[in-house]
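# Structure at a glance
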Amino acid sequence: KYMPPNEFNQNNVISPTFTNTNITPGNIQQPMQQSMQNTAPVYAGFWVRFAAMVVDTVIFQTIFIILVIILVVFVPSVIENELIKNVIIGVYGLCFFLYYVLTQSGVHQATIGKRLAGLRVVRSTDMSRISIGRSMGRELAKIISYAMFMIGFIMAGFTTKKQGLHDMMAGTVVVKERPSRTGLMLLIIFGPVILEIVAIVVFGAMFMSAILGSVVEADFNNDMQIEEPSNLISENIDNKPTTTIDT
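Residues numbered from 1 in each chain as written. Predicted model: local features only at pLDDT ≥ 70, side-chain atom pairs only at ≥ 80, totals over all residues. Heavy atoms only, no water.

In this structure the tally under the stated criterion is 6 salt bridges. D167 is the partner of R49 in a salt bridge, and the nearest nitrogen-oxygen pair spans 2.6 Å. Taken together, the positions of R49 in helix α3 (residues 46–74) and D167 in helix α8 (residues 165–170) put the pair 118 residues apart, joining distant regions of the chain. Of the two residues examined, R49 and D167, each falls in the buried class. Note that E139 and K142 form a salt bridge whose closest N and O atoms lie 3.1 Å from each other. Of this pair, E139 and K142 both sit in helix α6 (residues 132–147), 3 residues apart, roughly one helical turn. Across the pair, exposure class does not vary: E139 and K142 are buried alike. One connected set of salt bridges, linked through shared partners, spans R49, R138, E139, K142 and D167. (Salt bridge = Lys/Arg side-chain N within 4 Å of Asp/Glu carboxyl O. Helix = DSSP H or I, 4+ residues; strand = E, 2+ residues; numbered from the N terminus. Buried < 20%, exposed > 50% of the residue type's maximum accessible area, 1.4 Å probe, protein only.)

Right, dumping it as structure tokens:
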């Protein structure tokens, strides 16, 4: 039996009411984004940024050194060619520059070292992702920070938003979003140093062992050369005919 709407109300059937019928996923996400933007950011200071830079340098240099060693093994003549050496240095600098530009403007907005330190590079105005152009400008501005005897980098420890000179010029800040993975960072920083020390000790021990072995062998040969003439003299004396005088 069909019941009109007023009969539903007479039988105490409550129909749902909506105060806002324009509910969309965008309307739900906007307050969330606004609340995230209203949250005061935690700016990363000098030392944590310095540690992240050391991690990036160790990782990048280790990979580059391995590639150079492979090149030298297969093409030994590159060691004597000054032009090729300069080209290798130039390629290293260019790759390091592009590494920073692309990773800091990429999805994670951070290099490997910054990700391990829980850092992210964002725009200083709205905390949004920086573009490739802005990232490139930030890296080029570091030349001025270097030229000022590193003062441009040290400024990150004293300015209000922990900005270095290159951050101010590019309109960026470095924020800390999560705790650093300190153990892994220390392993990356000191791991190659420990391996180098172990290699020096092992090869040094092998070298000293070889030197001591050659010294002992030389002494043994000298002793043998000294004993041989004395043996010959004693043999000559023993074999010398004796003369007897008959009376």
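In an α-helix, one full turn covers 3.6 residues, which means residues spaced three or four apart are oriented alike. Between the first and last C-alpha of helix α4 (residues 82–104) there are 34 Å, a value that for 23 residues agrees with the 33 Å anticipated at 1.5 Å per step. Regarding α4, the residues found buried are F96, Y99, Y100, V101 and Q104. Taken together, the buried residues of α4 touch α3, α5 (112–116), β1 (119–123) and α6. For α4, the capping residue at the N-terminal end is N81, with a side-chain oxygen 3.0 Å from the backbone nitrogen of L83. (Expected span 1.5 Å × (residues − 1). Contact = heavy atoms within 4.5 Å. Polar contact = N/O pair within 3.5 Å; in protein donor to acceptor, adjacent residues only side chain to side chain.)

That's the geometry; what it means functionally is another story.
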